[in-house]
Amino acid sequence: MALTLQDVAKIANLARLDLTDEQMAQYQEQLSAILEYAEVLNELDLTGIEPTSHAVAQQNVMREDVERPSLPIESVLYNAAKTALNQFQIQAVLDEA
Amino acid sequence: MDLTKLTLTELRDTLRSGETTSVAATEAMLDRIVEVDNDIKSYLTITDELALEQAQAADKRREQGESSPLLGVPIAVKDIISTIGVQTTAGSKILEGFVPPYDAFVVQQLKEAGAVILGKTNTDEFAMGSSTENSAYVVTRNPWDQTRVPGGSSGGSAAAVSAQMAYAALGTDTGGSVRQPASFCGVVGLRPTYGRVSRWGVIAFASSLDQVGPFGRTVADTTALFQVVAGHDPRDSTSLNVPVPDYEAALTGDIKGLRVGVPKEYFIEGIDSEVETAVRIAIAQLESLGAEIVEISLPHTQYALPVYYLIAPAEASANLARYDGTRFGPRAEGKDMIDSVKKTRALFGPEVIRRIMLGTYALSAGYYDEYYGRALKVRTLIKNDFITAFEKVDVIATPTSPTTAFKIGAKTDDPLSMYLADIFTLSLNLSASCGVSLPCGFDNKGLPIGLQLIGNTLQEETILNTAFAYEQSTSWHQQIALNAQTSG
């Protein structure tokens, strides 16, 4: 299936990627080629076939809900670009009004 | 004694007999890195001071009577595996400067065993690639021919072991990223069964496929490292809570009566004729060692590549959503939050962007069933192929990759042709099998060829012993890369 430039722009926005016009054109071509290659899967009859999401099926693994030590706050924040008041700091996402 | 020439198991014996020390072996490795890694570029970070401290501690432990198998043995770790206090980049600019606050499970295991960590090895960005050329930092060169790639994504680890810059190394294998570089670099590489080794602390690429695997110059070396990292870890909910066998004890070299399956779908048009010949001779060698050769079919093999390139990018697009500049990595400031995130994510390289885009599309509303949903169903068929095959055989023998190492730059403009380098390795990642690649010859350019042995779920003992039997009856593993440059 051939993707349009609009498709590429929509995917990029969903993935929070900012692409240049040149990248848009390049990914339009390359992703279309990969998706076309994947069309070989359409020749299979998959009626009644269950999906496999993990190679080794496991049930939910539960543990006792008991307190355990966690990382010290300075370790958790160490790699952050900006912190304030022992928290990660980001730009405002809501209008102040 | 030239310590760099020793295999891991030879070093272990030498350490145990007191003929050398961990400090001496570590210094020999660090000198070797200085000598050849300017050319090969297998390491992103060399932790020389930490390594010497660990070596001194190991020598002290030995003086106090300890003798555990990896005590004092210098090892390299792929830079996608978290190491406390040591920068871990996953080969990406988006993690430049990231210093993990904890060790991955496998690193904890290494440290507990007394191993020495020499440094962090180069990788394709987030392990996405088959040549290590997608690293945002440096291009690693194949020790057998420096104009060629070492394979990937664990190309740094494979090259380091091949060029005697580590006695063994850890990589990760999501679609073949341990076995394919092992094949290209003429070393042994194991992809364990999914869940055999904890993924805790390993930077995620495709969570249903990722698995840590060891490299060594010999089967015994690879097994010794695997022994230490295998095991249950409650912090990875997909970690299998089953006992770890004594893998080294399983290396008897006896494969009489072993049933070896040869799948016709792996000997196809496009495979290099020298690779095919070498692998067929290796299979005949297994027969002469007492194995029974059985022709089998894995009928859905041709669908594995498109299935993999829908599932792995889909999982990657979700896993890599966390790189938004908030908790780790550099942050670019834009006009608002979303703009900042987009500007920060411009630090991803082209292959990572390609896979995030592909995965986002495969999971997006209106296309989920057509792409991701369909891929999961075909994954069932591929998994069933292996289940059926392992009712008839104990081991499946194939080439590891259709070609030997290709030239640097040869496939960078054509993503699909790069993906084909993994065509023989990625099926088993979609199933619950395990696989090992080991040297089985050289082509007319002197480049190593790899034999892949695939085993059923948790049958690592079987494939390692088969590999061991083959290795003991051949001399490929005794050929050493960069031999001419080694000081005597």
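Here, the structure is the one placed above.
Residues numbered from 1 in each chain as written. Chains lettered and ligands numbered in written order. Predicted model: local features only at pLDDT ≥ 70, side-chain atom pairs only at ≥ 80, totals over all residues. Heavy atoms only, no water.

What about the overall build of chain B?
Then comes step 1: Counting secondary structure elements, chain B contains 15 helices and 11 strands.
Then comes step 2: Whereas a compact globule of 488 residues would reach a radius of gyration of roughly 23 Å, chain B reaches 21 Å, a difference of no more than 12%.
Then comes step 3: Taking the principal axes of its C-alpha atoms as reference, chain B extends roughly 65 × 50 × 45 Å.
Then comes step 4: Within the span of chain B, comprising 488 residues, buried residues form 67% of the whole.
Then comes step 5: Summarising the internal contacts of chain B: among those between residues at least 6 apart in sequence, 77% fall at separations of at least 24.
Then comes step 6: Counting only carbon and sulfur atoms, one obtains 50% of the accessible surface of chain B, whose full area is about 15200 Å².
Then comes step 7: In chain B, the 41 positive side-chain charges and the 57 negative ones have mean positions that sit 5 Å from each other. (Helix = DSSP H or I, 4+ residues; strand = E, 2+ residues; numbered from the N terminus. Rg over C-alpha atoms; globule rule 2.2 N^0.38 Å. Buried < 20%, exposed > 50% of the residue type's maximum accessible area, 1.4 Å probe, protein only. Contact = heavy atoms within 4.5 Å. Areas by Shrake-Rupley, 256 points an atom, 1.4 Å probe, with all protein chains shown as cover. Lys, Arg positive; Asp, Glu negative; His and termini not counted. Charge placed at Lys NZ, Arg CZ, Asp CG, Glu CD.)

As for the interface of chain B and chain A
Then comes step 1: Across the contact, 66 residues belong to chain B and 50 residues belong to chain A.
Then comes step 2: Each partner contributes to the roughly 5300 Å² buried at the junction of chain B and chain A, and carbon and sulfur atoms together form 67% of this total.
Then comes step 3: Per-residue buried area on chain B facing chain A is highest for Lys342(B), Met357(B) and Arg374(B); these three make up 13% of the total on that side.
Then comes step 4: Between chain B and chain A we count 1 salt bridge in total.
Then comes step 5: Here Glu333(B) and Lys82(A) are joined by a salt bridge, their closest N and O atoms 3.6 Å apart.
Then comes step 6: Counting the contacts that link chain B with chain A gives 19 residue pairs in polar contact (both at pLDDT 80 or more).
Then comes step 7: Per-element accounting of the side of chain B that touches chain A gives the leading share, 10 residues, to helix H12 (residues 369-392) of chain B. (Buried area = accessible area lost by both parts, 1.4 Å probe. Salt bridge = Lys/Arg side-chain N within 4 Å of Asp/Glu carboxyl O. Polar contact = N/O pair within 3.5 Å; in protein donor to acceptor, adjacent residues only side chain to side chain.)

Here's the deal with the packing of aromatic side chains
Residues and elements named next belong to chain B.
Then comes step 1: The final tally for this structure, using the stated rule, is 18 aromatic pairs over all chains.
Then comes step 2: When the ring of Tyr368 is compared with that of Tyr372, the centres are 5.3 Å apart and the planes differ by 65 degrees; the resulting orientation is edge-to-face.
Then comes step 3: Classification of Tyr368 as partly exposed rests on a relative accessible area of 39%.
Then comes step 4: Taken together, the ring pairs connect Phe98, Phe126, Tyr323, Phe328 and Phe348 into an aromatic cluster.
Then comes step 5: Here Arg280 stacks its cationic end above the ring of Phe267, 4.1 Å away from the centre of that ring. (Phe/Tyr/Trp six-rings, centres within 6.5 Å; stacked < 30°, edge-to-face > 60°. Lys NZ or Arg CZ within 6 Å of the ring centre and 35° of its normal.)

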